[in-house]
Amino acid sequence: MLRRTFVIAGTALLAAAAAFQPATVKQAAAQEPVKVGELFSYARIAAFADPYRNGWQLAIGEINEAGGVMGGRQIEVISRDDGGTTADAVRVAEELVTGEGVSFLFGTFFSNIGLAVGDYAKQKKILFIAAEPLTDALTMAQGNRYTFRMRPNTYMQTKMLVEAGKNAGAKRWAIVAPNYEYGQSAAENFKKLLAEMDPEAEVVVEQYPALGKIDAGATVQAMLAANPDGVFNATFAGDQAKLVREGTLRGLFDGERPVLSLLTGEPEYLAPMGAEAPEGWIVTGYPWEQIESEQHTRFVEAYQAKYDDFPRLASLLGYALGYTVKTLLDTAGTTDTETLVDTLKGLKVETPIGPIAFRAIDNQSTMGAYVGTLAVEDGQGKMVDWYYADGADYAHSEAEVEAARPAE
Amino acid sequence: MIDPAFYVIQFLNGLASASNLFLIACGLTIIFGVTRIVNFAHGSFYMLGAYFAFTLTATIMPALGDALGFWLAIPVAAVGVGLFAVLMELLLLRRIYRSHELFQLLATFGVVLIVQDLVPAIWGPEELFGPRAPGFTSFVVILGFRFPEYQLVLIAAGPLVLGGLWLLFNRTRWGTLVRAATQDREMVGALGVNQSVLFTGVLFLGGALAGLAGALQMPVEPANPFMDINIIAEAFVVTVIGGMGNVLGAFLAALIIAQLQAFGILVFPEITLVLPFLVMALVLVVRPWGLLGTPEPMTGHGFAGDRPLKPLGRRAQLGLAALVAVLLLLPLGLGDYTEKLVLEVFVFALFAFSLNFIMGAGGMVSFGHAAYFGLGAYGAALAVKHLDFAMEPALLAAPLAAGAGALLFGWFVVRLSGVYLAMLTLAFAQIAWSTAFQWVELTGGDNGMIGIWPSAWASDVTVYYYLSLILCGAAIAFLWRASYAPFGYTLRAGRDSPLRCDAIGINLKRHQWLGFALAGTCAGLAGGVFVFSKGNVDPGALSIPTSVDALVMVLLGGIQTLTGPLLGAAAFHLLEAYILPLTDYWRAIVGLIIVVLVIAFPQGLAGFLRERLAGEESR
């Protein structure tokens, strides 16, 4: 009798457990945060990394405060320094994926690291959204199904500039670009696009100083010797500062020659130059203080309130990535990699500078850049006569993608 | 037709760069000449000079007026950096003068890492634009070309400093002592000169000169946190080409490099990447002690507390067997990631062990061992990418490629000795690096090559773990055995006394050459195993930081022991892997730990353990 009671009670308990368990598990899952992995060269390239981190932290904070994603789950970003080398970065990615069990990855700054992590993502079949790497290869020749990219690539930004500069009247161009992939590919794209847009124009001199080691005097002199009437510049930061100082004194940048310059209008580079910003240069950049749309103003105000600093382009990028994570998870409704990838292809995301989409054909986002002319006002460089060049209009054509990108 | 006057102007441009190079290199060469310290932190001194000058001009230019403020700030910044160098000498270097002289290199490397993180923490990560030099903000017209006035100031600065140093060294008692110490340090000590004070003074002078170079750079280039890394290799190149310890030689070398750069870019704009190293390799092959250098005084290699290698005792053998057993069982208790991490330790253990084979047994210090690691990695990757090799034959290609490279480079290398030998290995490594970097069609340039994964049967982490353990373990065992074979004994004999080796008819150069090739081959295997664990390779595998990592592992673990490099590899790699996720300042922490270890264990970790164990045994 006693035994039977036990059996009945036991069965009841088991039944009860069976009945309740799925519910409790489901509930726990609903409250459990979605883990997302993030990696970036924080120590090596702090000037970009700090604003970028501020950007995504602001976005993720807002999202979690507003109730999270997928019907109430919080986002937990597990952030790591990628060590600044491909070897370290792949190990860090591995730790995030196999150690921390994150659902997908985003981040990285350098092109070689972006490519290495992208390849790891392909091998491991895990989604990776590259933040800053500029190399065309990431979405073209070396692209894969699992790797997406946020920033407009070198080709897109060069195309924006060539188009902006084609009416400047220059026919004899000088190229100065840092001697590494970004510079080489910017120069190559420039030559190709110039030939397409202005068949009469030619490139008369090319200079490729080693990154961070430009001998500005000799370089400027070598360019002057070819007597160019226009300059395309892809150097940045310290190299560019030396180039500007030497080039202005020696008459290369005399205000007459049009200068097309990649990235120079980005606050990361423009703000440190102060009054030395080269006036009249046609640049790509981000005139954060002049964009007056409602959603952008909201972003700037929130950013300044939280960090007491102005946003850089990297901040915008980080912020947009945060909302990409949210839109992706909400739309997919799952953390299954294949579903995430399928969802992100073609996904539209709202950002402070308007909606962007991830192109299904090459996983490149249509985020654009601002193109304008530099002026100095109150001891500070700013972009004037600027406009937003929508990335969708400048990305590689479908035929180019098909020719270059390996089939998935 | 290019205006002939253009060449005159380009020559002036070359002079200005030469001045800058000389100012940095002369301090380095003086420090080396007297103290024999290979000062990695010299680039940090230069960078600090620029930052000090920035802060000083911002403070005193408003107070004292532009001209006075600026021209006062420059020397004050230089003195400030000199004091920083003195601090480094007093707190750090002075404690380790008695240990292996390479240990001081390790210590200065720790300082580099600390300063690298300290600078952005204090001044912020963005570049800082300093003021232009008052009175020299415009240009003059020379032969119809506009030429910046400040470049003329720089052109004058080099010879002025050279003249000042000549006066200091030839007209003052202190300078005479410095020259004497450069020639024969022991003799100066024996004559009752207080070496510590002399060293402190020399560090001050060298540091101040580097600081001056950085401060004078302010009107040309914004202060930025990459100045140290960007300049240090070139500074060494100039020092070596001129002859270590020779100031006039450094001046000549700076002139040669700068002029070749200025005119080289007219023909081949990408040349700046490799040119200094090409010149260094050529000069060293023709003149093994640089242009004006003299053979290094024969001081052995000053391995304080050296003792010959002894075969392992019973206890150590048991310990080793236990370690192997643990490594075999480890995958049972580890997650995927930790397995990957330990697998990387195997790779670095072999890499460091192969370096120690030429350093410890062979007495040849290499600053460019990454060349062979990278050649192995690239050999495997190229075989996969261009020849459609599978993993197995590609893993064979790795040591072959590296061995071939080591045979070629080694033939030149073994003809040199001491620090010149080390610098030639660096030059070859940089030539290999820039080839991988520049030959985009073949190697993918700095983007590298991706998609180099193991064959299907080895793609599981645990399988690849055992594969790495077997390959690296076998290579280590082979080198270990070679250390005790007659070949190894011959190498060690040559290290301890080349003269006696010669006398008994040993062809030492050939033994060293083969030893070098053997070490290179093994490093190549490590590179091959590495590339398949990462799936990609880029020029980083061939770069200076990779060479330095190997050096740090060997020194941390303890040179002159066979277990040292293994211990050092494990300690350094795990340390970095576990500190990396903790903070943005991981480099400073790693640097700090290195500094502490250097002071606490001047014999290396293995040396320390050995002493402890030996102490117990004798009790």
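Residues numbered from 1 in each chain as written. Chains lettered and ligands numbered in written order. Predicted model: local features only at pLDDT ≥ 70, side-chain atom pairs only at ≥ 80, totals over all residues.

A few words now on the overall build of chain A. Helix and strand counts for chain A come out as 13 helices and 14 strands. Principal axes of the C-alpha set define a box for chain A whose edges measure 110 × 45 × 35 Å. Across the 408 residues that make up chain A, the buried fraction comes to 58%. Put simply, 68% of the contacts in chain A that link residues at least 6 apart link residues at least 24 apart. (Helix = DSSP H or I, 4+ residues; strand = E, 2+ residues; numbered from the N terminus. Buried ≥ 20, exposed ≤ 12 C-beta atoms within 10 Å, placed from the backbone. Contact = placed C-beta atoms within 7 Å.)

With that out of the way, let us pick up the overall build of chain B. Tallying secondary structure elements over chain B gives 25 helices and four strands in all. In summary, chain B has a C-alpha radius of gyration of 25 Å against a globular reference of 25 Å for 619 residues, a match within 12%. Dimensions along the principal axes, computed over C-alpha positions, put chain B at roughly 70 × 60 × 50 Å. Looking at chain B as a whole, 57% of its 619 residues qualify as buried. Sequence separation of 24 or more characterises 80% of the internal contacts of chain B that already satisfy a separation of 6 or more. (Rg over C-alpha atoms; globule rule 2.2 N^0.38 Å.)

Each side of the interface is counted separately: chain A has 59 residues, and chain B has 56 residues. In terms of residue count, helix α3 (residues 86-99) of chain A provides more of the side of chain A that touches chain B than any other element does, nine residues in total. Residues belonging to the side of chain A that touches chain B are distributed by class as follows: 22 nonpolar, 20 polar and 17 charged. (Nonpolar A, V, L, I, M, F, W, Y, C, P; charged D, E, K, R; others polar.)

Let's shift gears to the domain arrangement of chain B. When the parts of a complex come together, some accessible area is lost, and that lost area is often taken as the interface size. Residue and element names in this part refer to chain B. If you check the domain split of chain B, you get domain 1 (4-286) and domain 2 (339-618). Contacts between the two partners involve 31 residues from domain 1, matched on the other side by 31 residues from domain 2. Only α4 (101-123), α9 (227-242) and α11 (275-286) provide two or more residues apiece to the side of domain 1 that touches domain 2. No other element matches α4, which puts twelve residues into the side of domain 1 that touches domain 2. Residues that form the side of domain 1 that touches domain 2 fall into these classes: 24 nonpolar, four polar and three charged. (Domains from an automatic or database assignment.)

Here we take up the domain arrangement of chain A. All names here are of chain A. Along its sequence, chain A is organised into domain 1 (32-152 + 291-367) and domain 2 (155-288 + 370-393). Taken over C-alpha atoms, the centre of domain 1 sits 29 Å from the centre of domain 2. Tallying the contact residues gives 19 residues for domain 1 and 16 residues for domain 2. Every element with two or more residues in the side of domain 1 that touches domain 2 is listed here: α2 (46-65) and α11 (313-332).

Right, let's get into unusual backbone geometry. All names here are of chain B. You will see that Leu 143, though not glycine, has its phi angle at about 50 degrees, which is positive. One can find Leu 143 in the loop between β1 (139-142) and β2 (145-148). The backbone of Asp 388 shows a phi angle near 55 degrees, a positive value even though the residue is not glycine. When you line up the elements, Asp 388 lands in the loop between α14 (370-387) and α15 (391-413).

What follows concerns the sheet that holds strand β3 (residues 105-107) of chain A. All names here are of chain A. Across the sheet, five strands lie side by side as β2-β1-β3-β4-β5; this open sheet has parallel pairing. In this open sheet, the two edge strands, each paired with only one partner strand, are β2 (75-81) and β5 (147-149). Taking the axes of each pair of neighbouring strands and ignoring which way they run, one obtains an average angle of 25 degrees across the sheet. Sitting on the sheet, α3 is in contact with β1 (34-40), β2 and β3, with an inclination near 170 degrees to β1. (Pairing = 2+ DSSP bridges. Axes fitted to C-alpha atoms, helices over the stretch in contact; angles between N-to-C directions.)

Residues and elements named next belong to chain B. Looking at where Phe 348 falls in the secondary structure, it is placed in helix α13 (residues 336-361). A C-alpha to C-alpha distance of 50 Å links Phe 348 and Thr 172, two positions 176 residues apart in sequence. Contacts of Phe 348, omitting those with residues within four sequence positions, involve Met 553, Ala 569 and His 573.

With that settled, the discussion passes to the sheet that holds strand β10 (residues 282-285) of chain A. All names here are of chain A. Here seven strands make up an open sheet; going across it, the order is β7-β6-β8-β9-β10-β13-β14 and the pairing mixed. In this open sheet, the two edge strands, each paired with only one partner strand, are β7 (202-207) and β14 (380-389). Ignoring which end each strand starts from, the neighbouring axes of this sheet average 30 degrees apart. Sheet topology note: the strand β6 (residues 172-176)/β7 ladder contains five bridges and is parallel. The partner of Val 176 across the bridge, within β7, is Gln 207. Lying over the sheet, helix α7 (residues 216-225) contacts β6 and β7, oriented at roughly 160 degrees with respect to β7.

All names here are of chain B. Examined bridge by bridge, β1 and β2 share four bridges and lie antiparallel to one another. In the strand pairing of β2, Phe 139 is matched with Pro 148. A loop of two residues connects β1 with β2, the two strands running antiparallel in sequence, and Leu 143 in this loop sits at a positive phi of about 50 degrees.

Residue and element names in this part refer to chain A. Of the strand pairs in this sheet, strand β13 (residues 369-377) and β14 are connected by eight bridges, and their pairing is antiparallel. Opposite Glu 377, over in β14, you have Gln 380 as the bridge partner. What sits between β13 and β14 in their antiparallel hairpin is a turn of two residues, with Asp 378 showing a positive phi close to 50 degrees.

Take helix α22 (residues 544-557) of chain B next. Residues and elements named next belong to chain B. Taking 1.5 Å as the rise per residue, α22 with 14 residues should run 20 Å; its terminal C-alpha atoms sit 20 Å apart, in good agreement. Among the 14 residues in α22, eleven count as buried, and that is most of the element. Looking at α22, one finds that the buried residues are Thr 546, Ser 547, Asp 549, Ala 550, Leu 551, Val 552, Met 553, Val 554, Leu 555, Leu 556 and Gly 557. The first or second residue beyond α22 is Gly 558, which carries a positive phi of 120 degrees. (Expected span 1.5 Å × (residues − 1).)

Take the nonpolar core next. The tendency in soluble globular proteins is for nonpolar side chains to be buried side by side. Residue and element names in this part refer to chain B. The biggest cluster of nonpolar side chains holds 348 residues, and the ones touching the most others in it are Ala 254, Ala 349, Leu 350 and Met 423. In terms of residue count, helix α1 (residues 4-35) provides more of this core than any other element does, 16 residues in total. In contact with Ala 349, other than residues within four places in its own chain, are Cys 472, Ile 476, Pro 565, Leu 566, Ala 569 and Ala 570. (Core = buried A, V, L, I, M, F, W, Y, C linked by C-beta atoms within 7 Å.)

Attention now goes to the confidence of the model for chain B. Residues and elements named next belong to chain B. On average, residues of chain B score 91 in pLDDT, and 97% of them are at 70 or above. Throughout residues 299-305 the model reports pLDDT below 50, and contacts reaching past four residues in sequence, or to other chains, amount to nine contacts. Quick note on the complex model: pTM equals 0.91, ipTM equals 0.90. (pLDDT = per-residue confidence, 0-100.)

This paragraph deals with the packing of helix α5 (residues 154-165) of chain A against helix α6 (residues 181-197) of chain A. Residue and element names in this part refer to chain A. Interaxial distance between α5 and α6 falls to 9 Å at its minimum, and their mutual angle equals 45 degrees. When the axes of α5 and α6 are compared, the pair comes out oblique. Note that α5 runs across α6; the crossing there is right-handed. Contacts between α5 and α6 involve Thr 154, Tyr 155, Thr 158, Lys 159, Val 162 and Glu 163 from the former and Tyr 182, Ser 185, Ala 186, Asn 189, Phe 190, Leu 193, Leu 194 and Met 197 from the latter. Residues that form the contact of α5 with α6 fall into these classes: eight nonpolar, four polar and two charged. (Parallel < 35°, antiparallel > 145°, perpendicular 65-115°, else oblique. Left-handed = near helix turned anticlockwise from the far one by under 90°.)

Moving on, we get to helix α3 (residues 66-91) of chain B. Residue and element names in this part refer to chain B. With 26 residues, α3 extends 37 Å from end C-alpha to end C-alpha; this agrees with the ideal 38 Å at 1.5 Å per step. Looking only at α3, the buried set comprises Phe 70, Ala 73, Ile 74, Ala 77, Ala 78, Gly 80, Val 81, Gly 82, Phe 84, Ala 85, Met 88 and Glu 89. For α3, the secondary structure elements touched by its buried residues are α2 (42-64), α4 and α8 (195-216).

Attention now goes to the packing of α1 of chain B against helix α10 (residues 247-267) of chain B. Residue and element names in this part refer to chain B. Running from amino to carboxyl end, α1 crosses α10 at an angle of 145 degrees, the nearest separation of the two axes being 7 Å. As for how α1 packs across α10, the hand of that crossing is right-handed. Judged by residue contacts, Gln 10, Phe 11, Asn 13, Gly 14, Ser 17, Ala 18, Leu 21, Phe 22, Ala 25, Cys 26, Thr 29 and Ile 30 of α1 engage Val 247, Ala 250, Phe 251, Ala 254, Leu 255, Ile 257, Ala 258, Gln 259, Gln 261, Ala 262 and Phe 263 from α10. Tallied by class, the residues present in the contact of α1 with α10 amount to 16 nonpolar, seven polar and no charged.

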